[in-house]
Amino acid sequence: MALLSIVLPSYNEEQNIANTTKVLSEMLEVAEIEYELIFVSDGSQDGTFSEIQKVAADNARIHGAEFSRNFGKESAIFAGLEMASGDAVVVMDCDLQHPPESVLEMWELWQEGAQVVEGVKRNRGKEKLGYKLSAGLFYKIMSKLIKMDMSASSDFKLLDRKVVEVLLILPERNTFFRALSFWTGFRQEKVYYEVQERQFGESKWSFFSLMKYAITNVTSFSTLPLQMVTVMGMVSILLSLILYVQTIIRYLMGMAVEGFTTVILLILIVGGLLMLSLGVIGHYIARIYEEVKARPKYIISKVTGNNRDREER
Ligand code: UDP
Ligand code: MG
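From a predicted model like this one, the values you see are computed outputs, not experimental measurements. (Residues numbered from 1 in each chain as written. Chains lettered and ligands numbered in written order. Predicted model: local features only at pLDDT ≥ 70, side-chain atom pairs only at ≥ 80, totals over all residues. Heavy atoms only, no water.)

**Q** Hey, could you run me through helix α8 (residues 207-221) in this one?
**A** An α-helical turn contains 3.6 residues, so any two residues separated by three or four positions project in the same direction. Compared with an ideal rise of 1.5 Å per residue, which puts 15 residues at 21 Å, α8 spans 21 Å between its outermost C-alpha atoms and is within 8% of the ideal. Listed in full, the buried residues belonging to α8 are L210, Y213, A214, N217, V218 and T219. (Helix = DSSP H or I, 4+ residues; strand = E, 2+ residues; numbered from the N terminus. Expected span 1.5 Å × (residues − 1). Buried < 20%, exposed > 50% of the residue type's maximum accessible area, 1.4 Å probe, protein only.)

**Q** Honestly, the coordination of the magnesium ion (ligand 2) in this entry has me stumped. Any pointers?
**A** Around a metal, the perfect tetrahedron of four donors has angles of 109.5 degrees, and the perfect octahedron of six donors has angles of 90 or 180 degrees. For the magnesium ion (ligand 2), the full set of protein donor atoms is D95 (OD) and Q97 (OE1), at a range of 1.8 to 2.0 Å. Residue classification places D95 among the buried residues on the basis of a relative accessible area of 3%. (Donors = N, O, S within 2.8 Å, 3.2 Å for Na, K, Ca; no water.)

**Q** Explain the site of ligand 1 here, please?
**A** Around ligand 1 sit 17 residues in total, of which E13, D42, Q97, S203 and K204 are the nearest. Within the side chain of N70, one N or O atom sits 3.2 Å away from an oxygen atom of ligand 1. In isolation ligand 1 has 530 Å² of accessible area, and contact with the protein removes 89% of it. When the residues that make up the shell around ligand 1 are grouped by side-chain class, the tally is five nonpolar, five polar and seven charged. (Near = heavy atom within 4 Å. Polar contact = N/O pair within 3.5 Å; in protein donor to acceptor, adjacent residues only side chain to side chain. Areas by Shrake-Rupley, 256 points an atom, 1.4 Å probe, with all protein chains shown as cover. Nonpolar A, V, L, I, M, F, W, Y, C, P; charged D, E, K, R; others polar.)

**Q** Looking at this model, I keep getting lost on helix α2 (residues 48-58). Mind explaining?
**A** Buried within α2 are the following residues: T48, F49, E51, I52, V55 and A56. End-on, the buried residues of α2 take up no more than an arc of 155°, which puts them together on one face. Every exposed residue of α2 that faces more than 90 degrees away from the buried side is listed here: K54, A57 and D58. Among the structural elements, β1 (3-10), α1 (14-30), β2 (34-41), β3 (62-67) and β8 (300-303) are those in contact with the buried residues of α2. (Arc of directions from axis to C-beta. Contact = heavy atoms within 4.5 Å.)

**Q** What is the right way to look at unusual backbone geometry in this model?
**A** Apart from glycine, the bulk of residues carry a negative phi angle, and the bulk of peptide bonds sit in the trans form. Its identity as a non-glycine residue notwithstanding, N12 has a phi of 50°, on the positive side. Summarising the element assignment, N12 is placed in the loop between β1 and α1. Here N12 falls in the partly exposed class, since its relative accessible area comes to 24%. One non-glycine residue, E32, lies in positive phi territory at about 55°. Within the secondary structure layout, E32 lies in the loop between α1 and β2.

As far as function goes, none of this settles anything; it's purely spatial.
Structure below.
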């Protein structure tokens, strides 16, 4: 029988683990699906990992790992994919904002031959206005850059074993899970879902972490910002040519532009553009630097029960 793995990245979610486990395992047992749950605690500072150990001790289908520090959700997802042994793997948030019933829909589509099943948000749930706007803008830009509609996509998806294997051999450090599953190009289906209210605790995203996420993902998926530097340079060369001709003509006609005002303005504008361009280039160099160091995406400090822990004792 086919095995379904569910990967649940969890960061400071001690209040959610027991409830999420109960909801998912009851649902999958009723549906008679062979399953395993894989919780990856992303360096949580609260009791998340001991909660995971508790549920794992009661149910042999539950596995978990703890990171040595917070590596971010992307890393937690990839660690989960690495640990999963299912024929199909679902990645979902452990706060039940992704409705569990959709997992059953995904499973059915997979059985009918889909290799990637994208969870697509029908609404964005209750989010702060600022968050909504910045997320909206980010997805607009992203969709343009990578030429697919990202505005409703999420990390909630089902991947066939083949797709998981492809993602796991990608050599890059900075991954963008949400877009990579599109990029692999396997046969895709969609499942629409309503974003649920968070069960317990709070969202981990601040405005700044969201901005950082946005910039990192745009630059890890597209070189368009770099090309924009070139375009900006060409436009300013063009404009300066016009100004050059105009200035010379006025000089020859004995009416040269007066004073420092023009000089100051030009220096400020050109200086600003130069620094901005250097910043963009610098950002890409930083990304290359990170990739070249080739450090692991995450470090696992503990795993649950059944395997290593017990042998050590
Ligand atoms: N998460 C994580 N590492 C982090 C931040 C979040 O593994 O550094 C997990 C978190 O535990 C949750 C999921 O990612 O399962 C989504 O996070 P959250 O609910 O805070 O975000 P939101 O739903 O508000 O977008
Ligand atoms: Mg959430």
